[in-house]
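Each chain, letter by letter, is given below.
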Amino acid sequence: MADYQEFLDGVDREAYHEGEWRWEEDGYTVTRTYHYSPPGCHTSCGILLYTKDGKVERVEGDPLDPCTNGKLCIKCLTLDESVNHPDRLKYPMKRAGERGENKWQRISWDEAYDEIEARVKEIWETDGGNAIICVHGTGRNINWQVPFFGQAALKTPNISTFGFTGFSCYMPRICGSIAPFGDFPIVDASETHEDRYSNSEWVPPEVLVVWGNEPLASNADGYIGHWLVQCVQMGTKIISIDPRLTWWGARAEYWLQIRPGTDAALGCAWLNVIIGEGLYDADYVASWCSGFEELAESVKDTTPEWAAEICDLDADEIRASARLYAGAKPGAIQWGLAFDQQLSAMALCLAGCDLMALCGNVDVPGGNILVHNAFEINAGYASGENLTPAEWRAKKLNNNFALSVEGGDFVAHASSDGLLQAIEDGFPYPIKMMWIQSSNTLSCPSQDAPRVMKAMQNIPFIVNADPYVTPTSVALADIILPVAMSAERNSARTWWSPCRAMVKAADFYEAKSDEQIILELGKRLNPEVFGQWETDIDWLNWYLHDGTGSFSATTEATDQGGAKNSGKTLFTASWDELVRDPSMVGHCYDEFNATYNKAEKGMFRPDGSVGYGTPSGRLELAPMLYQYWGLSTTPFHTEPPESPISTPELMGEYPLILTCGGRSFEFFHSEHRQLPTMRELHPQPRLLVNPATAEKYGIQDGQWVWIENDHGRFKQMAKVSPVVNEKTVHAEHGWWFPETEPSAPYLFGTFESNPNNCTKAFVTGQGGVGSPIKGMICKIYPVREGDTMPYQQIAEAGNFPWYEKVESPRQDEIDRFHAALDKGMEFDVMANQLVDPASGERIDLKTGAKAEA
Ligand SMILES: Nc1nc2c(c(=O)[nH]1)N[C@H]1C(S)=C(S)[C@@H](COP(=O)(O)OP(=O)(O)OC[C@H]3O[C@@H](n4cnc5c(=O)[nH]c(N)nc54)[C@H](O)[C@@H]3O)O[C@H]1N2
Ligand SMILES: Nc1nc2c(c(=O)[nH]1)N[C@H]1C(S)=C(S)[C@@H](COP(=O)(O)OP(=O)(O)OC[C@H]3O[C@@H](n4cnc5c(=O)[nH]c(N)nc54)[C@H](O)[C@@H]3O)O[C@H]1N2
Ligand code: SF4
Ligand SMILES: [Mo]
């Protein structure tokens, strides 16, 4: 497809019913729409759904869709398998036995709603809305819906991806770019233009740095990987920074096989070369950036030789690759999850932004463009904030409550560690209910999964809304609600551009869409707000036209720096028109995102003045917001907590570096494990092991091996391959085995292959952000008959024999809290003081000293 015009000319537009959203063909009804979760994905691609009698029978890519040009991944091509699967949850169910027994009784939606309504209202009376935790997973099609529900209906500020220490997905990159840039950068592969690769202003990046991301398998964060393949076909050169050889590394000018968890050192070294050799765009920096002196001073000693030692790279390659990026006009950086899953998260994100800014690659064609959600349709964490009563909102369990970090509350989510602490210790107050919508908490996001399961057993009431029965449901839920999949759902979304609509083409038993469930329950819990909307489509129209608030996950960032909280969207058509109008048929591009050099045009600042959406109006190489948040204002490297450098004494026992979670084409996190096609292609979890390492430890290709650290162990099947080096192994995440025993303690084998037996809660980087998921150490050895399996071990002893619990960094305060409560004192959460109800005397929890009210 390198010649895009040739591709377009080759498509028979009439045969594909251009301008039509639905037609009849060979006995099928064909619906032109977009896929978005469930089943999960971060993006949404143009599909043609072939249905018969309300059932999906076939799916094709839509070649007339400008976002994707008819290309689909295997997950969408086999959508019929996931939507029609017999394991799907068909009716609302209530637990009939003990938790874990997998005994359920079918109930009606009304019965389910009655019970949920009664429990929520009781908690409001006794403990306040803050005693409810509202849980969502990654950026599926619930991003704006579930937070709004949590705030406006459950009336809680405690909304988060529970279990996921350090906000270690995307939040670091969002906060880390909002601070220096005021907006979020993505690589310009022409995706904001409807005429795509033939757009007259657009050019492909000259050099693309693919860094801690595998865009082809992950299509992560609203970004589709094959856009970048098209760029490569048009001449873009690649630098791959990845411990694993990927499609990108195999085609790269430089493949930097970095030691996991050390990227910030490499970032500092690139900055050192680019500043030291004068390779940056001096005019641009003088006109548009601030903080250059401070940055230059901070990286003057972080030489390639210094970084080579830390990163296990060659100094000359570091230097040469830095020169290649700096010399490119334009250069672009495609960053990924590895940025968030290390202790250096915030510093590394800043290094990435500093590189983009220094080289003049921000908001230029083929560089890193700064984007908003199309038409400023920005409902998100802020959209329902004011609907939570202020007293409960103030009790959000952010890092101030939870951790020892100073700097506090700059991420919109509640802190997972704060929540874990509240559940485990009742500190600063007990948790009474958990609402889970779109997360398989036990199998996927929870760091230290066995600990999290044990903690969740303390929560009196748990509801899980999911299309499938999951290990989390069986182990912990009291009510489970069947969720409609995307082919059964009316919805709309913007994650960047264009705005897209999903339209219902099928039905599945009593499953309801996320929007319907939220609306129906919302009407019971907060009729004043949810009573405005009669149907899901009314609510979608609100989203398209009025659903304001900020996309940004940072409350502070949007108050301080961003220009995104515009208060009104610019979209004027109705949801119905978006779906049906021949000029749109499901998508609509906006002007803001298609415009380059927006700072010159006064498009970032609320008052229309020239500049970026930062406090100073400049690209802040040493951001003021970092200072305000209590973070270092220049990039620096933090060594992983366990590594050859931090803990040489442990390397005898755990000689290998462990990274995990690289995405595969077949699965989205813990999803898709039921599907025959996926399991045929990818039957078991794979541990990548270098041939020399395999030989050293007596491991054969295809053999089950234990991966073990000082915390726990899990087993995966060795895939002996040279794509990782001798020192490193790479494990997969999200595995459970729907074909196996559901009930406890086995729980579909959710602990057997879970790398999160080995990850830890309460271990975070600066600001309480980032955790070292992608940079651990381990040993590997073959699984032998008679070995104790993780599920047995966890059932019998709660965790592994050599398990070391990481306590909260504020354990002394928790102990003081409990001692005081035992003596009949009360806790004033907002003042962080213990109060003697008889005398009125107050003690500061932090210091233990007497305090004033
Ligand atoms: N070791 C390790 N652990 C990791 C990672 C890693 O790299 N390594 N990655 C982490 C990352 S980045 C993230 S974001 C988390 C993700 O964690 P989660 O987002 O919690 O992912 P899942 O466990 O797949 O849970 C999703 C559940 O939601 C259901 N679902 C899918 N779509 C929808 C929908 O539209 N509506 C509703 N109601 N339900 C839906 C699915 O059936 C599934 O059961 O995992 C983290 N865990
Ligand atoms: N098919 C599929 N797509 C998905 C998901 C899924 O589960 N399945 N999950 C979604 C979610 S929530 C997310 S966050 C994204 C994540 O998607 P990506 O951002 O692409 O992240 P990963 O696939 O975890 O890892 C990307 C690359 O980082 C490399 N890597 C590992 N450790 C390090 C390190 O320390 N430094 C560097 N530089 N590289 C390292 C891995 O080898 C891998 O090739 O994908 C989203 N899309
Ligand atoms: S990126 Fe792949 S899985 Fe996601 S919507 Fe597009 S085709 Fe489907
Ligand atoms: Mo993620």
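Keep in mind that what you see is a predicted model, and the values were worked out from it rather than measured.

A. Spotlight on the overall build of the chain. A tally of helices and strands in the chain yields 31 helices and 32 strands. A globule of 853 residues ought to have a C-alpha radius of gyration of about 29 Å, and the chain, at 26 Å, matches this closely. In terms of overall dimensions, the chain has C-alpha extents of about 70 × 65 × 65 Å along its principal axes. A fraction of 74% describes how many contacts in the chain between residues 6 or more apart in sequence connect residues 24 or more apart. Carbon and sulfur atoms provide 48% of the accessible area of the chain, an area that totals close to 28,200 Å². Here the chain carries 69 positive and 119 negative side-chain charges, and the mean point of each set is 3 Å from the other.

B. Highlighting the site of ligand 1. Inspection of the region around ligand 1 gives 34 residues, with Arg 140, Ser 439, Asn 440, Asp 466 and Asp 514 positioned closest. Residue Cys 444 places a main-chain N or O atom 2.9 Å away from a nitrogen atom belonging to ligand 1. For ligand 1, a nitrogen atom lies 2.8 Å from a polar atom in the side chain of Asp 514. Within the complex, the protein chains bury 98% of what would otherwise be the 920 Å² of accessible surface of ligand 1. When grouped by side-chain class, the residues that make up the shell around ligand 1 number 13 nonpolar, 14 polar and 7 charged. Both domains that furnish three or more residues to the shell around ligand 1 are identified here as domain 2 (93-167 + 378-536 + 550-556 + 589-594) and domain 4 (648-797).

C. Geometry of the domain arrangement of the chain. Each domain of the chain was delimited in the assignment, giving domain 1 (4-83), domain 2 (93-167 + 378-536 + 550-556 + 589-594), domain 3 (184-371), domain 4 (648-797) and domain 5 (811-851). Spacing between the C-alpha centres of domain 1 and domain 5 amounts to 60 Å.

D. Main features of the side chain of Thr 31. When you line up the elements, Thr 31 lands in strand E2 (residues 28-34). The buried category is assigned to Thr 31, whose relative accessible area is 0%. Not counting residues up to four positions away in its chain, the partners in contact with Thr 31 are Trp 21, Arg 22, Ile 47, Leu 48, Leu 49, Val 503 and Ala 505.

E. Inspection of the pattern of salt bridges at higher detail. In this structure the tally under the stated criterion is 41 salt bridges. For the salt bridge of Arg 679 with Glu 739, the shortest nitrogen-to-oxygen distance reads 2.8 Å. Of the two residues, Arg 679 sits in helix H28 (residues 676-681) while Glu 739 sits in the loop between strand E27 (728-731) and strand E28 (776-782), which places them 60 residues apart along the sequence. Linked through salt bridges whose partners overlap, the residues forming this network are Asp 110, Asp 114, Glu 117, Lys 121 and Arg 524.

F. A look at the sheet that holds strand E20 (residues 499-502). In spatial order, the strands read E19-E20-E21; together these 3 strands make up an open sheet with antiparallel pairing. If you trace the sheet from one side to the other, it starts and ends with strand E19 (491-493) and strand E21 (587-588), each paired once. One ladder, built from 2 bridges, connects E20 with E21; its direction is antiparallel. From the neighbouring strand, Cys 499 faces E21, where its bridge partner is Cys 588.

G. Examining the pairing of strand E7 (residues 132-135) more closely. Taking every second residue as pointing to the same face, both faces of E7 are buried, with Ile 132 and Cys 134 on one and Ile 133 and Val 135 on the other. Relative to strand E8 (residues 159-160), E7 runs parallel, the two being bridged by 2 bridges. Considered in E8, the bridge of Cys 134 is made with Ile 159.

H. Structural context of unusual backbone geometry. In this structure, the amide linkage connecting Ser 37 to the following residue, Pro 38, adopts the cis form with an omega of -5°. Here Pro 38 lies in the loop between E2 and strand E3 (46-52). Backbone geometry at Lys 155 places phi at a positive 60°, although glycine is not the residue there. Mapped onto the secondary structure, Lys 155 falls in the loop between helix H5 (145-154) and E8.

I. Here's a closer look at the environment of Leu 419. Mapping Leu 419 onto the fold places it in helix H18 (residues 416-425). Judged by relative accessible area, Leu 419 falls into the buried class, the value being 0%. Taking the C-alpha atoms as reference points, Leu 419 and Phe 162, separated by 257 residues in sequence, lie 7.4 Å from one another. Apart from the residues within four sequence positions on either side, Leu 419 is in contact with Ile 133, Asn 158, Ser 160, Phe 162, Leu 397 and Ala 414.

J. Fine view of the UniProt feature "domain: 4Fe-4S Mo/W bis-MGD-type" (unreviewed entry) in the chain. The positions UniProt marks with the feature "domain: 4Fe-4S Mo/W bis-MGD-type" (unreviewed entry) are residues 31-87. For residues 31-87, the end-to-end C-alpha separation is 25 Å, with 16% helix and 32% strand making up the annotated structure.

K. View of the site of ligand 3. If you check the shell around ligand 3, you find His 35, Cys 41, Thr 43, Cys 45, Leu 72, Cys 73, Lys 75, Cys 76 and Asn 219 and nothing else. Split into classes, the residues belonging to the shell around ligand 3 amount to 5 nonpolar, 3 polar and 1 charged.

L. Expanded view of the nonpolar core. The biggest cluster of nonpolar side chains holds 121 residues, and the ones touching the most others in it are Leu 266, Trp 270, Tyr 325 and Leu 358. Setting aside anything within four residues of it in sequence, one finds Leu 358 in contact with Leu 271, Ile 274, Ile 275, Tyr 280, Asp 281, Val 285, Phe 292, Leu 295 and Leu 621. In this structure, Ala 112, Trp 144, Leu 521 and Phe 571 belong to the second largest nonpolar core, which totals 61 residues.

M. Broad picture of the sheet that holds E2. What the 4 strands build is an open sheet, ordered E1-E2-E3-E4; its pairing is antiparallel. This sheet does not close on itself; its edge strands, each paired only once, are strand E1 (22-25) and strand E4 (55-61). Strand-to-strand, the axes of this sheet are offset by a mean angle of 30°, without reference to chain direction.

N. Quick peek at the packing of helix H6 (residues 171-181) against helix H15 (residues 345-358). Interhelical geometry of H6 versus H15 gives an angle of 45° and a closest axis separation of 8 Å. It follows that H6 is oblique to H15 by the angle criterion. Relative to H15, H6 is oriented so that their crossing is right-handed. Contacts between H6 and H15 involve Pro 172, Arg 173, Cys 175, Gly 176, Ser 177, Pro 180 and Phe 181 on the former and, on the latter, Ala 345, Met 346, Cys 349, Leu 350, Cys 353, Met 356 and Ala 357.

O. Up close: the confidence of the model for the chain. On average, residues of the chain score 94 in pLDDT, and 97% of them reach the 70 mark or higher. This stretch, residues 550-563, has a pLDDT under 50; its non-local contacts, to residues over four places away or in other chains, come to 51 contacts.

P. Expanded view of helix H30 (residues 790-797). Within the span of H30, buried status applies to Pro 790, Gln 793 and Ile 794. Down the axis, H30 shows its buried residues gathered within 95° of arc, on one side only. Taken together, the buried residues of H30 touch helix H19 (449-456), strand E25 (704-708) and strand E26 (713-720). At the exit of H30 stands Gly 798, carrying a positive phi of roughly 85°.

Q. A look at the pairing of strand E11 (residues 237-241). The buried fraction of E11 amounts to 4 of the 5 residues, a majority that puts the element mostly inside the structure. Of the pairings in the sheet, the one linking strand E10 (residues 207-211) to E11 comprises 5 bridges and is parallel in character. Bridging from a neighbouring strand, Trp 211 pairs with Ile 241 of E11. Across 3 bridges, the pairing between E11 and strand E12 (residues 254-256) is parallel. Residue pairing in the sheet places Ile 241 in a bridge with Leu 256 of E12.

R. View of the packing of aromatic side chains. Counting across every chain of the model gives 45 aromatic pairs. Centre to centre, the rings of Phe 184 and Trp 335 are 6.0 Å apart; their planes meet at 50°, and the pair counts as tilted. One end of the pair, Phe 184, is in strand E9 (residues 184-187); the other, Trp 335, is in strand E14 (residues 331-335), and 151 residues separate them in sequence. The same class applies to Phe 184 as to Trp 335, namely buried. Measuring from ring centre to ring centre gives 5.0 Å for Phe 667 and Trp 735, while their planes differ by 70°; the resulting arrangement is edge-to-face. Of this pair, Phe 667 sits in the loop between strand E23 (656-660) and H28 while Trp 735 sits in the loop between E27 and E28, placing them 68 residues apart in sequence. You can call Phe 667 buried: its relative accessible area is 4%. Its guanidinium or amino end placed over the ring of Phe 667, Arg 673 lies 3.9 Å from that ring's centre, counting from NZ or CZ.

Calculation rules
- Residues numbered from 1 in each chain as written.
- Chains lettered and ligands numbered in written order.
- Predicted model: local features only at pLDDT ≥ 70, side-chain atom pairs only at ≥ 80, totals over all residues.
- Heavy atoms only, no water.
- Helix = DSSP H or I, 4+ residues; strand = E, 2+ residues; numbered from the N terminus.
- Rg over C-alpha atoms; globule rule 2.2 N^0.38 Å.
- Contact = heavy atoms within 4.5 Å.
- Areas by Shrake-Rupley, 256 points an atom, 1.4 Å probe, with all protein chains shown as cover.
- Lys, Arg positive; Asp, Glu negative; His and termini not counted.
- Charge placed at Lys NZ, Arg CZ, Asp CG, Glu CD.
- Near = heavy atom within 4 Å.
- Polar contact = N/O pair within 3.5 Å; in protein donor to acceptor, adjacent residues only side chain to side chain.
- Nonpolar A, V, L, I, M, F, W, Y, C, P; charged D, E, K, R; others polar.
- Domains from an automatic or database assignment.
- Buried < 20%, exposed > 50% of the residue type's maximum accessible area, 1.4 Å probe, protein only.
- Salt bridge = Lys/Arg side-chain N within 4 Å of Asp/Glu carboxyl O.
- Pairing = 2+ DSSP bridges.
- UniProt positions renumbered as here; feature names shortened; annotations may be inferred.
- Core = buried A, V, L, I, M, F, W, Y, C linked by side-chain atoms within 4.5 Å.
- Axes fitted to C-alpha atoms, helices over the stretch in contact; angles between N-to-C directions.
- Parallel < 35°, antiparallel > 145°, perpendicular 65-115°, else oblique.
- Left-handed = near helix turned anticlockwise from the far one by under 90°.
- pLDDT = per-residue confidence, 0-100.
- Arc of directions from axis to C-beta.
- Phe/Tyr/Trp six-rings, centres within 6.5 Å; stacked < 30°, edge-to-face > 60°.
- Lys NZ or Arg CZ within 6 Å of the ring centre and 35° of its normal.

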